[in-house]
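# Fold and contact review
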Amino acid sequence: MAIIETRSLVKTFGKIQAVRGIDLAIESGEIFGLLGPNGAGKTTTIGMLCTIIRPTSGQGMIAGFDVAKSPTQVRRKVGIVFQDPTLDTILTGRENLQLHARLYGIPASVRHLWIDEMLALVDLRERADDLTKTYSGGMRRRLELARGLLHRPAVLFLDEPTLGLDPQTRARTWEYIRKMAQKENTTVVLTTHYMEEAEAMCDRIGIIDAGRIIALDTPQNMIDMLGGDIVAVRAPRPPLETIRSLPYVSSLKTNNGELEITMKSAHLHLAELLSLIPQVASVEMRKPTLNDVFIKLTGRDIREDGAENNGSWVETIARYKQRGK
């Protein structure tokens with residue numbers, strides 16, 4: 001059953017058409033990645049689903065509530081963890097959660113129990129009564145995840161959940177996200193510029209560019225559509241037409257003097273391929289990744305528009321509004 005649905009969702013800011021008709025159906029309990037280069041429309045799409053901005057036309061539904069007609073009900077159904085820290089560092093971890101619980105009207109009869117459950121889920125019970133300014137970056141991120149889930153939302157939106165964390169802490173953060181999603185049957189919608197994380201953790205991915213969804217599938221199905229392994233060859237005079245004509249070659253492109261060949265079952269055909277290319281200087285073979293899919297579909301690496309330069313969702317939406325005046 002779809003917990004999130006959009007139909008022909010459109011948003012314009014003055015003359016700027018940021019989102020050009022998004023149709024999505026995200027199932028309950030899914031971990032869904034929304035990926036796209038800077039300016040593609042993912043921030044605006046998320047903003048509409050979170051009720052931060054109103055759609056210009058079309059419809060967005062969360063847990064059966066219309067984001068434009070019933071924003072208060074939608075807000076009760078969603079949790080948000082922003083890219084930028086939003087904890088009150090002069091409060092303890094427990095006090096941050098208590099404040100959130102009161103703001104969301106969690107009944108006093110269950111408030112203490114729910115807070116303890118969330119602290120245990122993210123392994124922070126022993127540090128719960130310490131000031132959050134004494135927490136490491138990873139601990140603060142875990143507390144923000146717990147806070148986002150405290151009121152038991154149907155949908156949790158995550159903006160770059162592991163940005164700036166070291167690899168070990170990133171891996172543990174993903175463990176908590178997966179564990180929380182499974183325990184609470186929470187639907188997770190996230191943006192990330194770590195493509196290897198999206199590939200490993202997301203059930204499905206939507207790639208958005210120029211305000212439209214241009215691909216929507218599981219990470220593995222997206223990778224499979226590339227048509228095989230990737231072989232990079234450097235040679236001074238490669239016979240391009242001969243290579244293109246080979247039945248096991250799916251695509252061929254040149255990049256700064258290097259041939260990038262996508263071919264089926266490279267381990268079976270690599271020797272034959274190299275025998276056709278004189279003076280091979282170097283060769284490298286690798287499995288395709290989600291980043292290769294992203295480059296093929298959008299024409300650029302997602303890291304060219306890294307989150308470090310994008311700002312948070314709210315900041316980006318504010319810039320859009322300013323430009324649209």
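Rules used throughout
- Residues numbered from 1 in each chain as written.
- Predicted model: local features only at pLDDT ≥ 70, side-chain atom pairs only at ≥ 80, totals over all residues.
- Heavy atoms only, no water.
- Salt bridge = Lys/Arg side-chain N within 4 Å of Asp/Glu carboxyl O.
- Helix = DSSP H or I, 4+ residues; strand = E, 2+ residues; numbered from the N terminus.
- Buried < 20%, exposed > 50% of the residue type's maximum accessible area, 1.4 Å probe, protein only.
- Core = buried A, V, L, I, M, F, W, Y, C linked by side-chain atoms within 4.5 Å.
- Contact = heavy atoms within 4.5 Å.
- Axes fitted to C-alpha atoms, helices over the stretch in contact; angles between N-to-C directions.
- Parallel < 35°, antiparallel > 145°, perpendicular 65-115°, else oblique.
- Left-handed = near helix turned anticlockwise from the far one by under 90°.
- Nonpolar A, V, L, I, M, F, W, Y, C, P; charged D, E, K, R; others polar.
- Pairing = 2+ DSSP bridges.
- Phe/Tyr/Trp six-rings, centres within 6.5 Å; stacked < 30°, edge-to-face > 60°.
- Lys NZ or Arg CZ within 6 Å of the ring centre and 35° of its normal.
- 1 Å grid on protein atoms, 1.4 Å probe; cavity = no way out; pocket = protein on both sides within 12 Å on 5 of 7 lines; lining within 4 Å.
- Points joined across faces, edges and corners; volume = space filled by probe spheres on them.

Under the criterion given, the structure shown has 16 salt bridges. In this structure, the salt-bridge partner of Arg94 is Asp116, at a minimum N-O distance of 3.0 Å. On the criterion of sequence distance, the pair formed by Arg94 in helix H3 (residues 93-103) and Asp116 in helix H4 (residues 108-121) is long-range, its members being 22 residues apart. Side by side, Arg94 and Asp116 carry an identical accessibility label, which is buried. Measuring nitrogen to oxygen at the nearest pair gives 2.6 Å for the salt bridge that ties Glu117 to Arg152. Here the residue Glu117 occupies a position in helix H4, and Arg152 occupies one in the loop between helix H5 (137-150) and strand E7 (155-159), the gap between them amounting to 35 residues. Take Arg152: its relative accessible area is 35%, and that puts it in the partly exposed class. When salt bridges with common partners are traced through the structure, they connect Arg94, Asp116 and Asp129 into a single cluster.

With that settled, the discussion passes to unusual backbone geometry. In this model, Ser8 sits at a positive phi of 50 degrees, which is unusual for a non-glycine residue. If you trace the backbone, Ser8 turns up in strand E1 (residues 2-13). When its relative accessible area of 41% is taken as the criterion, Ser8 is described as partly exposed. Positive phi outside glycine occurs at Thr51, with the angle close to 70 degrees. With respect to the helices and strands, Thr51 occurs in the loop between helix H1 (42-49) and strand E4 (57-62).

As a further point, take the nonpolar core. Grouped together as the largest cluster of nonpolar side chains are 43 residues, with contacts concentrated most on Leu150, Leu158, Ile205 and Leu290. No other element matches the six residues that H5 contributes to this core. Among all residues touching Leu150, those that are not within four sequence positions of it are Leu97, His100, Ala101, Ile106, Trp114, Ile115 and Met118. Listed in part, the 25 residues of the second largest apolar core include Ile4, Val67, Phe157 and Val189.

What follows deals with the side chain of Asp209. Residue position: Asp209 is located in strand E9 (residues 204-209). Setting aside its immediate chain neighbours within four residues, Asp209 contacts Pro37, Ala40, Ile214, Thr298 and Arg300.

In contact at an axis separation of 10 Å, H5 and helix H6 (residues 167-184) are set at 15 degrees when each is read in the N-to-C sense. Taken together, the axis directions place H5 and H6 in an arrangement best described as roughly parallel. Considering the relative orientation of H5 and H6, their crossing is right-handed. Contact residues: H5 offers Gly138, Arg141, Arg142, Leu145 and Leu149, while H6 offers Thr169, Arg172, Thr173, Tyr176, Ile177 and Met180. Grouping the amino acids of the contact of H5 with H6 by side-chain chemistry returns five nonpolar, three polar and three charged.

In this fold, Thr173 is placed in helix H6. Measuring from C-alpha to C-alpha, the distance between Thr173 and Ala25 comes to 26 Å, with 148 residues separating the pair along the chain.

With that settled, consider the sheet that holds strand E3 (residues 31-35). The sheet built from six strands is open, its strands ordered E6-E7-E8-E3-E9-E10 with mixed pairing. Each having just a single partner strand, strand E6 (78-81) and strand E10 (212-217) make up the two edges of the open sheet. Across this sheet, the average inter-strand angle for adjacent strands is 20 degrees, counted without regard to direction. When E9 meets E10, the two strands line up antiparallel, connected through five bridges. Following the sheet pairing, Ile205 is matched in E10 by Asp217. Running at roughly 165 degrees to E6, H5 makes contact with E6 and E7 of the sheet.

Right, let's talk about the packing of aromatic side chains for a bit. Per the counting criterion, the structure on display carries zero aromatic pairs. Over the ring of Trp114 we find Arg152, and its NZ or CZ is 4.1 Å from the ring centre. Against the face of Tyr194 rests Arg170, its NZ or CZ located 3.7 Å from the ring centre.

This paragraph deals with empty space enclosed by the protein. In the structure shown here, the tally under the stated rule is one cavity of 30 Å³ or more. By volume, the largest cavity is sized at about 40 Å³. Ile4, Leu24, Ile26, Phe32, Leu34, Thr45, Ile46, Leu49, Phe157 and Val189 are the residues that line the largest cavity. Elements represented by at least two residues in the lining of the largest cavity include exactly strand E2 (16-27), E3 and H1. No other element matches H1, which puts three residues into the lining of the largest cavity. When the residues that make up the lining of the largest cavity are grouped by side-chain class, the tally is nine nonpolar, one polar and no charged.

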